[in-house]
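# Per-entry structural report
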Amino acid sequence: MHTFLILVAISCIFPFIWMINSSLKPNSEFLSDYGFRLPHKIMWKNYYIAFCEGKLGIYFLNSIIYTFVSVVGIVLVASLAGYSLSRLQFRGKNFIFHLFLAAMMIPTPAGFVPLYVLLKAIGLLNTRIGYCLAMINVGLSLSIYLYKTFFDNLPRDLEDAARIDGCNRLRIWWHVILPLAKPATAVVVIFNALNVWNEFVLALVIFSNRNLMPLQVGLKEFASSPVGLTNYTALLAGLTIASLPIIIIYLIMQKHIIKGITAGALVG
Amino acid sequence: MRYSLKEEIKNFSFVLPALSIFFFFYIIPFIYTFFLALHQGSGLSSLKFVGLENFKRILSPQGTAIIVIFIGGILVVFSFWFKKKIKNRFLKIVKTASIIMGIICIIYGIKELGEVLSSGWVIDKEWWASVGRSFYITLWALTFQNFLAFALALCVDKAIRTGYIYRAIFFLLPVISEIIFGLLIRSLLLPYPGVLAHFLKKLGLENLVRDWLNDPRYALTTLAFVHCWRGFGWGFVILLAGLQTIPQTLYEAARIDGAGAWQRFIKITLPLMLPVIVLVVILTILGTVQVIGLPMVLTRGGPAGKTTVSVLRIYNDLKNYHAGYASCEGIVLGIILITLSFTLIKISNRLKKV
């Protein structure tokens, strides 16, 4: 039984080790030993090629921008909405909540088709803000659900104390609710950051300007460019640049990440 | 406690940002999909109204007519069922409207069917082939991927000390985006430089070597395998979590009563894991049918379109300025998926009662 586990584990890890190993050797050496031997001399040129010629530096920066903006946006928007759906009263409250829930349950396989036509008509196609808003929308339903259920279970004491002290709604939210919601925010951040970072289809549809593309679409572009098609080690270097940050963050925080993502998935 | 209108507006303003984004990026596109499906062309200016033409191409004219009759029938039956609940005027209007629309649908459908019954049966075979490919991959996912996940979860469940290491390793793959993983495996699988082929030759398994990505016979199965390999981490984590909620005392009691390992599995593990298994099945189906990133980078739609799965087909149609038709395909696929998940949930509810 243990051999089975170890075999599968090695098969999972090995491609990545092979990837890093091959990216450190020149293409000619790679072609002769298939990446299975250690490099004669460690070469960083592939990374340089991927970063500059392959534009991976730009793609990487774009991904960071989009992930940061989208996640901050989702946390703010969803916590506001979750708080109001949980603790504040207004007409249509139930209807709106069920609307968000329904959006989670209904699969929309071709969601990007009308989005493309409409964004093109408005002129938000191929813009950073259009993509960020679309990304916020993608994570909205789940995040609102997470926040609302969290707030439902939150004791009202601190909130009532703040209200007695004369805070208005917004200040209660900013100074009391948001700090208390740290566990929920952690899940929301992890889940959405991963989703935005790995997102591919919407970015593919929305962006035609290479300089605005996030990492995943950029990788696809790089892989089909002349450099990527012939220089295998440069491509692997590019893949390493793209995956190493995720791997490192994952290894450090994997317990939280797994908890966060499965919490998100089980809700669905 | 009645709130004043001013209070209510202030409360509502908290949900306003979320609602606006949701409205513009989900509700409007959702409604627009149906609008688009009745048009051809792409871009707001070049749309041409064609009625049910797109549906006729996907479902064949006869099929469309039959479905229209069916929808009409459902509307009429549904509105009569509604009879008991007419409390306010709004519902009364809805009921009358649906009866009228139902009858119109039935009449239109029968008329269409009459016109079309004698002509040949034309259907978009490529589209349904692509749907079939999506479901082929899903079949592999339901069997290979989930069996592997379950087997690994069972093993790791017993290995308490080192379990978390395996969990971390196995969940790494789904965390890596499908693009990165796809390009990495593609580098291994390509016939030139032929890394995997070389590896197999060294192991003496030369007869296993194929042109995995470019041979029309193997490309789709290769894609399915790569997808399963990447995806088993998901099922693994969820199944493991489920397994770890089963109290050990049940197993102890069974062992004392003399039950063997296989019996313990069938009588204790499986029944208690049923809800989790159903959840994993539904998630697998919904997730795998809509896969698009992996096919795009692994095989680019494959040798002669042999790996063009359903959503990839929709994307290609969009790129070729057939947005209306792409919307229509999306609607058909969405309805298939909704029906499937609905049925599965109903079945699982019935199983739960047993």
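In this text the structure is predicted, and so the values were computed from the model without any measurement.

On to the overall build of chain A, then. For chain A, the count of helices and strands is 14 helices and 0 strands. Secondary structure elements of chain A, listed N to C terminal, follow the sequence α-α-α-α-α-α-α-α-α-α-α-α-α-α. The 268 residues of chain A split such that 45% are buried. A sequence separation of at least 24 residues applies to 76% of the contacts in chain A between residues at least 6 apart.

Residues and elements named next belong to chain A. Interhelical geometry of helix α7 (residues 128–152) versus helix α10 (residues 182–198) gives an angle of 160° and a closest axis separation of 10 Å. Classified by the interaxial angle, the pair formed by α7 and α10 is roughly antiparallel. Handedness of the α7/α10 crossing: right-handed. From α7, Met135, Val138, Gly139, Ser143, Leu146, Tyr147 and Phe150 reach across to α10, where they touch Ala184, Val187, Val188, Asn192, Asn195 and Val196. Here the contact of α7 with α10 is built from residues that sort into 9 nonpolar, 4 polar and no charged.

Okay, the interface of chain B and chain A next. If you look at the interface, chain B gives 69 residues, while chain A gives 67 residues. By residue number, the principal contributor to the side of chain B that touches chain A is helix α1 (residues 5–37) of chain B, which donates 19 residues. Residue classes in the side of chain B that touches chain A are distributed as 53 nonpolar, 12 polar and 4 charged.

Here we take up the nonpolar core. With 152 residues, the main nonpolar core has Ala78 and Val113 of chain A together with Ala18 and Phe236 of chain B as its most contacted residues. The leading source of residues in this core is α7 of chain A, at 14 residues. Domain assignment of the residues forming this core places at least three in each of domain 1 (5–116) and domain 2 (125–353) of chain B. Excluding its chain neighbours within four sequence positions, the residues that come into contact with Val113 of chain A are Thr33, Leu36, Ile314, Leu318, Ala323, Ala326, Ser327 and Gly330 of chain B.

Attention now moves to the domain arrangement of chain B. Residues and elements named next belong to chain B. As assigned here, chain B comprises domain 1 (5–116) and domain 2 (125–353). Secondary structure elements with two or more residues in the side of domain 1 that touches domain 2: α1, β1 (39–40) and α2 (53–59). The dominant element in the side of domain 1 that touches domain 2, judged by the number of residues it contributes, is α1, at 4 residues. Looking at the side of domain 1 that touches domain 2 residue by residue, the class counts come to 6 nonpolar, 6 polar and no charged.

This part is about the packing of helix α5 (residues 125–158) of chain B against helix α9 (residues 219–243) of chain B. Residue and element names in this part refer to chain B. In contact at an axis separation of 6 Å, α5 and α9 are set at 40° when each is read in the N-to-C sense. Here α5 is positioned oblique relative to α9, judged by the angle of their axes. When the axes of α5 and α9 are compared, the crossing they make is right-handed. Taken together, the residues of the contact of α5 with α9 break down into 21 nonpolar, 5 polar and 2 charged.

Our focus in this paragraph is helix α12 (residues 215–224) of chain A. The element α12 of chain A is largely enclosed, with a buried count of 8 among its 10 residues. Among the residues making up α12 of chain A, those that are buried are Leu215, Gln216, Val217, Gly218, Leu219, Lys220, Phe222 and Ala223 of chain A.

Time to look at helix α6 (residues 112–122) of chain A. Residues of α6 of chain A that are buried: Phe112, Val113, Pro114, Leu115, Tyr116, Val117 and Leu119 of chain A. Packing partners of the buried residues in α6 of chain A comprise α7 and α11 (201–206) of chain A together with α1, α13 (310–319) and α14 (323–353) of chain B. At the exit of α6 of chain A stands Gly123 of chain A, carrying a positive phi of roughly 95°.

Calculation notes
Residues numbered from 1 in each chain as written. Chains lettered and ligands numbered in written order. Predicted model: local features only at pLDDT ≥ 70, side-chain atom pairs only at ≥ 80, totals over all residues. Helix = DSSP H or I, 4+ residues; strand = E, 2+ residues; numbered from the N terminus. Buried ≥ 20, exposed ≤ 12 C-beta atoms within 10 Å, placed from the backbone. Contact = placed C-beta atoms within 7 Å. Axes fitted to C-alpha atoms, helices over the stretch in contact; angles between N-to-C directions. Parallel < 35°, antiparallel > 145°, perpendicular 65-115°, else oblique. Left-handed = near helix turned anticlockwise from the far one by under 90°. Nonpolar A, V, L, I, M, F, W, Y, C, P; charged D, E, K, R; others polar. Core = buried A, V, L, I, M, F, W, Y, C linked by C-beta atoms within 7 Å. Domains from an automatic or database assignment.

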